[in-house]
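Residue-level listing of the chains:
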Amino acid sequence: MDEDKKKRILIFEDSDIFADMLLEFLDSEGYLTARAENGLEGIKMVYSFLPELIVTDVEMPLFKGYQATRLLKTRPSTKTIPVIMFTSLGESKDKFWGSQAGADYYIEKAPENFAELKTQINRLLAESPPADYEQIKKEGRRINDNALVEMVNNLLDHKLFQTTLVGLLAELSHRLSSLEETIRGIFELLCNVCEAEICSIMIKDADNSLLVYNANHAGYTGETAEDFNAMAIADFNTRFPDYPVLSREVEDFFPAGEKTRRIESYVVVPLKTSGDEFATVHIGTSVKEYFSPVIMENLGVFLSAAAPIAANALRLRQMEILQKKTRSAFARYVPVDVMDEIIKKSAAQASQSETRVVAVLFSDIKNFTKISEKTNAQEMVNFLNAYFSIQCNEIVREGGNIDKFIGDAIMAIFGAPKTLENASVSAVRAALRMVKGIPRVDTSGIVLPEGGFGAGVGINYGECMVGNIGFQDKLDYTVIGDTVNLASRLEGLTRYYRQAIIVSENVYEAAREESTRGEDSGGGFIFRRVDSVRVKGKNQPVALYGVYAAWKGGEDGEIPPELTLNKDTLDQYDKGLKLYALREWETAGQYFKAALEAAGGDDYLSSLYLKRTGEYLINPPPADWDGTVTMTEK
């Protein structure tokens, strides 16, 4: 056959004997072959030999087979080159790593399997699309040893491990329904981390009981397995000397076998949740001095990720046991059929919604985009955590329920699920607490804009649909409806009107009864009419009110300036609004000017209306003008 027409196959193999046998076989089958003695040499030869298929060993010096495969499969130019990986059928780890690296087929490393190797080579050559060899040639001119080492170092075993096994653990946590299934799954994955020939997981349960799960994967004899379990129990007792075991449950996933080899290497690793050890993992293997630093690092990462999954499964088990005990206790007083009906109705109601009248609060950081653009990610996370902690504690203190975080925004509900005597009053008090709490937020690592750091709060009150919304695996207790949408719009208007807090007329009407200043203030706070607007997407006008905490000059040091109001300013401002509504532009303007002067020239709303009256004096609005402003932006 013409040499140019032969299919090119590159072999990664460090054993001279096996390489000679394999090359002789492939040459006899009409392939054009080349050999690399290690992973590094093999990767370099890809760029010069331009193979159409690669056959690689697993264990090699200078990069293992799955490391080399992983690199080639992540490069756009070489990812379509099929890779067949030599492995041992008894080594599940090799298959696992090969699969995660992207190998196309796995075959036992033995001469008697050369016929199968030929079949799979022909199949893959026929099915695989051709690689971009021109691009490979171009890349080859830039490839050197240092570049290859740097690329492969980014794909080291423990990195590959962290992005695969930990991901599989996450999948495991979603599909398992019991502690026993969770531990079985952890045992199976553990065999991909190390030579876990025999394992035991011992878990502290409620009431000083001990749960013991054993997995004799290698099939050690019963006597060896008993010796291993005795050693594991002794280590557990040493680690938890103050935990008196009053009862013990043992589950053996694999029976004893006939393997008579000794256990040469053994390790015990604790499982922790919230910093507290609640279980131990014991692993034994017949390989001497097996648990190297690299293996222990991989094992540590895996078990750190497995610990919360096991802890959650343990808590679910404990809850189920508690429910059974509670059911048994109540069965003495309530007939079983009646109790089943109650439970059935409760479960059905969990997915039902109801209409409730609630107060909805939205809060958002002003100038957040500018702040985030000039602050590094970690400092921003620290800042947001500190901010949310202070703001949410104030909401909870007033009986609110944190519904969700939307970026830097907070959405809270007052009046559901817990009924409040006056949800609007609670929401307004929470808003005042939130604004007062802003100076306590640590901004030392934040680059603040000229306007400084502040937040706007919008509150609406009305009917909402309340219930659990989502799908079978994820439900959120939340509220939906126009009341929610308007609350969000009100928060956005705080920037336009330069107010710390803006509430709807519904909130004002519900909260004004606790007035300390007649019709213009509520218990511990002061209302001020801001405007009448049609928000984007709504035709019905909404009256807006600003909220303040104290009169200027009588406040204590904890109240920020944006929550104080000059009393004379409000008096003049209110009179100006009444004349403004009557289209008495000139007289209304005089009152707004007086209001601005009473505030020392610093009152945005007075200056806003003073400007409007001046414009209307020159260009009066149409006859059907009702004083409502239509907003074109959210």
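Residues numbered from 1 in each chain as written. Predicted model: local features only at pLDDT ≥ 70, side-chain atom pairs only at ≥ 80, totals over all residues. Heavy atoms only, no water.

Engineer: Help me understand the overall build of the protein in this model?
Structural biologist: Scanning the protein from terminus to terminus reveals 20 helices and 22 strands. Per-residue burial for the protein yields a buried fraction of 48% across its 634 residues. (Helix = DSSP H or I, 4+ residues; strand = E, 2+ residues; numbered from the N terminus. Buried < 20%, exposed > 50% of the residue type's maximum accessible area, 1.4 Å probe, protein only.)

Engineer: Just checking my understanding: could you explain the pairing of strand β19 (residues 542–548) for this structure?
Structural biologist: When a strand is regular, its side chains alternate between the sheet's two faces. Within β19, 7 of the 7 residues are buried, which leaves the element mostly enclosed by the surrounding structure. In β19, alternate side chains face the same way, and those of V542, L544, G546 and Y548 on one face and A543, Y545 and V547 on the other are all buried. Bridge count for strand β16 (residues 501–504) against β19 is 3 bridges, and the pairing is antiparallel. Each residue of the ladder has a partner; that of I502, found in β19, is G546. Taken together, the 7 bridges between strand β18 (residues 525–534) and β19 define a ladder with antiparallel strand orientation. Looking at β19, one finds that V533 is bridged to V542. (Pairing = 2+ DSSP bridges.)

Engineer: Would you mind going over the packing of aromatic side chains with me for this structure?
Structural biologist: Two aromatic rings, taken as a pair, are described by how far apart their centres are and by the angle between their planes. With the rule as written, the count across this model stands at 30 aromatic pairs. An angle of 75° between the planes, with centres 5.2 Å apart, marks the rings of F383 and F453 as edge-to-face. With a gap of 70 residues between them, F383 in helix α14 (residues 377–397) and F453 in the loop between α15 (423–437) and β14 (455–471) connect regions that are remote in the sequence. Across this residue pair, the class does not change: F383 and F453 are buried. A centroid spacing of 5.9 Å and a plane angle of 70° characterise the contact between Y387 and F453, whose relative ring orientation is edge-to-face. Of this pair, Y387 sits in helix α14 while F453 sits in the loop between α15 and β14, placing them 66 residues apart in sequence. Between the NZ or CZ atom of R528 and the centre of the ring of Y573, over which it lies, the distance is 4.0 Å. (Phe/Tyr/Trp six-rings, centres within 6.5 Å; stacked < 30°, edge-to-face > 60°. Lys NZ or Arg CZ within 6 Å of the ring centre and 35° of its normal.)

Engineer: What exactly am I supposed to notice about the pattern of salt bridges here?
Structural biologist: Once the charged atoms of two side chains with opposite charge are near each other, the side chains can pair. By the definition in use, this model includes 25 salt bridges. Between E398 and R433 there is a salt bridge, with its nearest N and O atoms 2.9 Å apart. Here the residue E398 occupies a position in the loop between α14 and β12 (401–406), and R433 occupies one in helix α15, the gap between them amounting to 35 residues. The partner of D626 in a salt bridge is R534, and the shortest N-O contact between them spans 3.5 Å. On the criterion of sequence distance, the pair formed by D626 in the loop between α20 (604–618) and β22 (628–630) and R534 in strand β18 is long-range, its members being 92 residues apart. Judged by its relative accessible area of 47%, D626 falls in the partly exposed class. R534 gets classed as partly exposed once you look at its relative accessible area, which sits at 24%. What emerges from the salt-bridge pattern is a single network uniting E394, R397, E398, R433 and R440. (Salt bridge = Lys/Arg side-chain N within 4 Å of Asp/Glu carboxyl O.)

Engineer: Got a minute to help me understand helix α10 (residues 222–239) in this structure?
Structural biologist: An α-helix turns once per 3.6 residues; consequently, residues spaced three or four apart project the same way. Counted at 1.5 Å a residue, the expected span for α10 with its 18 residues is 26 Å, and the 26 Å between its end C-alpha atoms agrees. Every buried residue belonging to α10 is among T224, A225, F228, N229, A232 and F236, and all of these are buried. Seen from one end, α10 has its buried residues packed into an arc of 135°, which puts them on one side. Across α10 from its buried face, at more than 90 degrees, point the exposed residues E223, E226 and T238. Each element contacted by the buried residues of α10 is listed here: β6 (198–204), β7 (209–215), β9 (265–273) and β10 (276–285). (Expected span 1.5 Å × (residues − 1). Arc of directions from axis to C-beta. Contact = heavy atoms within 4.5 Å.)

Engineer: I keep staring at the sheet that holds strand β8 (residues 247–252) and nothing clicks. Help me out?
Structural biologist: The strands making up a sheet associate through backbone hydrogen bonding, with each pair oriented either parallel or antiparallel. If you walk across this open sheet you meet the 5 strands as β8-β7-β6-β10-β9, and the pairing is mixed. Edge positions in the sheet fall to β8 and β9, since each has one partner strand and no second. Sheet twist, expressed as the mean angle between neighbouring strand axes with direction ignored, is 15°. Alignment of β9 against β10, held across 9 bridges, turns out to be antiparallel. Looking at β10, one finds that V268 is bridged to H282. Packing of helix α9 (residues 179–193) onto the sheet brings it into contact with β6, β7, β8 and β10, and relative to β6 it is tilted by some 145°. Packing of α10 onto the sheet brings it into contact with β6, β7, β8, β9 and β10, and relative to β6 it is tilted by some 35°. (Axes fitted to C-alpha atoms, helices over the stretch in contact; angles between N-to-C directions.)

Engineer: Would you take a moment to explain the packing of α14 against α15 for this structure?
Structural biologist: The description of two packed helices rests on the angle between their axes and on the distance between the axes. Contact pair α14 / α15: the axes reach a minimum separation of 9 Å and the direction vectors enclose 155°. Accordingly, the angle class assigned to the pair α14 and α15 is roughly antiparallel. For the element pair α14 and α15, the recorded crossing hand is right-handed. When α14 is examined against α15, the residues I390, Q391, E394, I395 and R397 are found in contact with a partner set consisting of A430, R433, M434 and G437. Looking at side-chain class alone, the contact of α14 with α15 contains 4 nonpolar, 2 polar and 3 charged residues. (Parallel < 35°, antiparallel > 145°, perpendicular 65-115°, else oblique. Left-handed = near helix turned anticlockwise from the far one by under 90°. Nonpolar A, V, L, I, M, F, W, Y, C, P; charged D, E, K, R; others polar.)

Engineer: Looking at this structure, I do not really get the nonpolar core. What am I missing?
Structural biologist: A general trend in soluble globular proteins is that nonpolar side chains are found buried together. Of all hydrophobic cores here, the largest spans 48 residues; its most connected members are L361, F414, I459, I501 and V503. Residue contributions to this core peak at 9 residues, all from α15. Not counting chain neighbours up to four residues away, the residues in contact with I501 comprise A431, L432, V435, V457, T494, Y545, G546, V547 and L563. Counting residues in each nonpolar core, the second largest holds 36 residues, with L190, I203, V281 and L314 among its members. (Core = buried A, V, L, I, M, F, W, Y, C linked by side-chain atoms within 4.5 Å.)

Engineer: Got a minute to help me understand unusual backbone geometry in this structure?
Structural biologist: Trans is the prevailing form of peptide bonds, just as negative phi is the prevailing case for residues other than glycine. Within the chain, L50 stands out as a residue other than glycine whose phi angle is a positive 55°. You can see L50 is positioned in the loop between α2 (39–49) and β3 (53–56). Backbone geometry at R583 places phi at a positive 70°, although glycine is not the residue there. Structurally, R583 can be placed in the loop between α18 (567–581) and α19 (585–598). Under the relative-accessibility criterion, R583 is labelled partly exposed at 30%.

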